[in-house]
Structures are given as C-alpha cells and as structure tokens.
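Next come the chains, spelled out residue by residue.
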Amino acid sequence: MAKLVVLQQKQPSFSLLPASLSDFNGARLHTPIQLKRKVWKPKGALHVSASSTKKILVMGGTRFIGVFLSRLLVKEGHQVTLFTRGKTPIATQLPGESDQDFADFSSKILHLKGDRKDFEFVKSSLSAEGFDVVYDINGREADEVEPILDALPKLEQYIYCSSAGVYLKTDLPPHFETDAVDPKSRHKGKLETESLLESKGVNWTSLRPVYIYGPLNYNPVEEWFFHRLKAGRPIPIPSSGIQITQLGHVKDLARAFVQVLGNEKAIKQVFNISGEKYVTFDGLAKACAKAAGFPEPEIIHYNPKEFDFGKKKAFPFRDQHFFTSIEKSKSVLGWEPEFNLVEGLADSYNLDFGRGTFRKEADFSTDDLILGKSLVLT
C-alpha cells in the first residue's frame, strides 16, 4: 500500500522585485529599469475551477509548471497529491512567497513516491488511493498513461500537458488546434497520448504550449540570453533574426490548467496556450535586455550551415517561424494571458537569474566558434 506523506519544510524567505513595464518597442536602454518592491502573489482571480473540492493527482509537480499549478490548486481548496520519484523536495519556498503562504501550502500538499514507469506500482497505488482528476505534467509516452487510466476507472477528468511541437511545419502560420500534426515529430508520444485518451472515452483536455518561460525554467530559454547579457557578450542569432516565435509565461499556463478543471467546454478539447504577441529572435534578445535592465545588446547573425557544433546546441530555439493562435483558449475558456513579454521576462529575471540562480552554467564555446569566424550575414 502506498503511503501518503505530508511534508513540511522551512526555507528562507525571499522578497520580489517585479517590474511594471510597457510593451517592448525596440528602444535602446542605457540605464537599469526601476523596479518596485512588493510581495509576489499569483495574478488574477482563482475562482475558475470546479465548484466542488476534488482529489487531484499531479504527475510531476516539483519542477517549473507543476510548482505553480499545485499552488493554485491548493489555494482552490483541492486535495493535491504529487506523484514523483522523490529526488526533489515536494515543498520548497518560492522567491517572493510569504512565509504564511508557504506554510499553508506545505502543510496541505501530499506526496506519492514512485516511478511512473513502474506500471504495476502505478496501478496498485493509484487504485488504492483513488483520485477524481489527474494532471499529467511530465507524461511523454502513451504507455505511461494507460496504467493510470486502468487504475482509475471512475476518473472524472484527465488533463494533459502536450506541446505545440506536435504540429506539422506550415507555410501558413499561426498553428490552430485543427491544423495537421506531424506523426514523426519528437513529440509524437504526446500525439499518441492524445489519441489514447480519445480512444478510451475518458473526459480529457490537452493543452499545447509553445515555448514556456518564467521563474524556475529548466530549459535554457530566457536564461540563454541572460547569461550573455550579464557577461556583456554579443548575442549570436542564426540567419536573419527575423524568424517569428512565441513565448508563454509559466504562471499564465498554470492558470489555464486550473481553468479547464471541471469545465464542460473543455471536454475532449485541445487548446493552444502561449503569449498574446509574437516576437522575432532579434526582438527577443532586445526584450530580455530591457526586462533585465541591460543595454541593448550587439546582435551577430550567422549562417548555421557554415558551422559544425557537434552535439552542442548553439541557439535555444528551432530556426524557423513557430507560433500558434490562442483565440480558441480566449473565446472558449475566457482565458487571457496576464503577462506581456517584457513583464514576463522581468518576472523571470527578478525571481531567478537576477538573484544569482539558474539551471545551467554558461557555455560560450559555440559563441566563440561563431565570433571567431567572419561568416557573419549582412
């Protein structure tokens, strides 16, 4: 029988330095932005979930998306259990989170320790506990989901974190939820999971974010730019730099996850979730500088075909246009992103990199290869 454990941990308190910023307009900055100090609180009302208290299982929950999602669910009054391997503390105080909010969260969050690839353990432990709703944040393959469904035949809703990376590349962006998908994409496991959920006849909802950013991001999205800005280095960007992409803040994504809970309009539906506006690669470099208070950076364009970087990744984004329409989420769910890009990047910088914390050490080896050659595009 699996054992549920309530963990209470005490971590140092942090204060927040958020920024109130207008949309990025490309203006050159020479002085740091002025930031108003206040205590962090999730933006927006939380009265968006099911009317009754639910027993909720979150697959994952200690890294990035799940950290913010689980806090919103607990604030809603739900009983929330995180299923993890136990390698990371279940409750760690967030930068800007008050002692009281952290104490309240850590006293209520529950933990089920195990490996989701141990299918027999998953089936036995989940069937023993019983859950109304599953949030699958870290699922990658369909065979990881089937044991969960088998263990919970009375499950009310399965909410899945998919990816906009499932769409087939198109010459007619943005991507809509009805667009063709790519069965050969590196996210094909997520497509197969969506198909499995549909075939099982369960009440499911799938969210497809584009690039996610924000505090605690374990993917080097904004962090890649912040490292170079802090070091005063040029920003190497492939090709012309006018490739258009889209970023969504993790807290906006977490709110969307809560908003589909118990929502009849979300039954067996897919929703794109990301930021309101699109941005070019060059524009993103400038937006990161503005958000963090650095001068506008020098941008170096290069032809990636002229370099052999081996297994190293020279740039954190795919070298193409890649963005979606979020109109369905706005019209059907009534969801709206609350962060514009510069505000969101400032939130990420001030709560994370600007405090001296980051996931990966800076590696400028590919930059040096680029800067050491005269293969710069004009």
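For the structure itself, look to the data block above.
Heads up: these notes are all about the structure in this document. Keep in mind that this is a model prediction, so the values were computed, not measured.

Right, let's get into the nonpolar core. Counting 39 residues, the largest nonpolar core has Ile65, Leu73, Tyr135 and Phe257 as its most contacted members. Elements with a minimum of two residues in this core: strand 2 (55-59), helix 1 (65-75), strand 3 (79-84), helix 2 (99-108), strand 5 (133-136), strand 6 (157-161), helix 7 (250-259) and strand 12 (269-273). A total of seven residues in this core trace back to one element, the largest contributor, which is helix 1. If we ignore the near neighbours within four places in the chain, the residues touching Ile65 are Ile137, Cys161, Ile212, Val250, Leu253 and Phe257. Ranked by size, the runner-up nonpolar core spans 37 residues in total, among them Tyr167, Leu247, Ala289 and Ile370.

Quick look at unusual backbone geometry now. Omega for the peptide link from Pro173 to Pro174 comes to 5°, which places this bond in the cis form. When you line up the elements, Pro174 lands in the loop between strand 6 and helix 5 (188-200).

Attention now moves to helix 3 (residues 119-129). Of the residues making up helix 3, those classed as buried are Val122, Ser125, Leu126 and Glu129. Mapping the buried residues of helix 3 onto a view down its axis gives an arc of 95°, with all of them on the same face. If you follow the buried residues of helix 3, they end up packed against strand 2, strand 3, strand 4 (110-113) and helix 4 (146-151). Residue Gly130 follows helix 3 closely and has a positive phi angle near 75°.

Within the fold, Glu194 resides in helix 5. For Glu194, the side chain forms a polar contact with the side chain of Ser162, separated by 3.0 Å. Ignoring sequence-local partners within four residues, the contact set of Glu194 consists of Tyr160, Ser162, Trp204, Ser206, Arg208 and Val270.

Right, let's get into the packing of helix 8 (residues 281-292) against helix 10 (residues 341-351). At a minimum axis distance of 8 Å, the contact between helix 8 and helix 10 shows a crossing angle of 55°. In terms of axis orientation, helix 8 runs oblique to helix 10. For the pair helix 8 and helix 10, the sense of crossing is right-handed. Seen from helix 8, the contacting residues are Leu284, Ala287, Cys288, Lys290, Ala291 and Ala292; seen from helix 10, they are Leu341, Val342, Leu345, Ala346 and Tyr349. Grouping the constituent residues of the contact of helix 8 with helix 10 by class yields 10 nonpolar, no polar and one charged.

Attention now goes to helix 1. Most of helix 1 is tucked away: 10 of the 11 residues are buried. Along helix 1, the positions that sit buried rather than exposed are Ile65, Gly66, Val67, Phe68, Leu69, Ser70, Arg71, Leu72, Leu73 and Val74. Of the residues flanking the end of helix 1, it is Gly77, one or two places downstream, whose phi is positive at about 95°.

The rules behind these values
Residues numbered from 1 in each chain as written. Predicted model: local features only at pLDDT ≥ 70, side-chain atom pairs only at ≥ 80, totals over all residues. Heavy atoms only, no water. Core = buried A, V, L, I, M, F, W, Y, C linked by side-chain atoms within 4.5 Å. Buried < 20%, exposed > 50% of the residue type's maximum accessible area, 1.4 Å probe, protein only. Helix = DSSP H or I, 4+ residues; strand = E, 2+ residues; numbered from the N terminus. Contact = heavy atoms within 4.5 Å. Arc of directions from axis to C-beta. Polar contact = N/O pair within 3.5 Å; in protein donor to acceptor, adjacent residues only side chain to side chain. Axes fitted to C-alpha atoms, helices over the stretch in contact; angles between N-to-C directions. Parallel < 35°, antiparallel > 145°, perpendicular 65-115°, else oblique. Left-handed = near helix turned anticlockwise from the far one by under 90°. Nonpolar A, V, L, I, M, F, W, Y, C, P; charged D, E, K, R; others polar.

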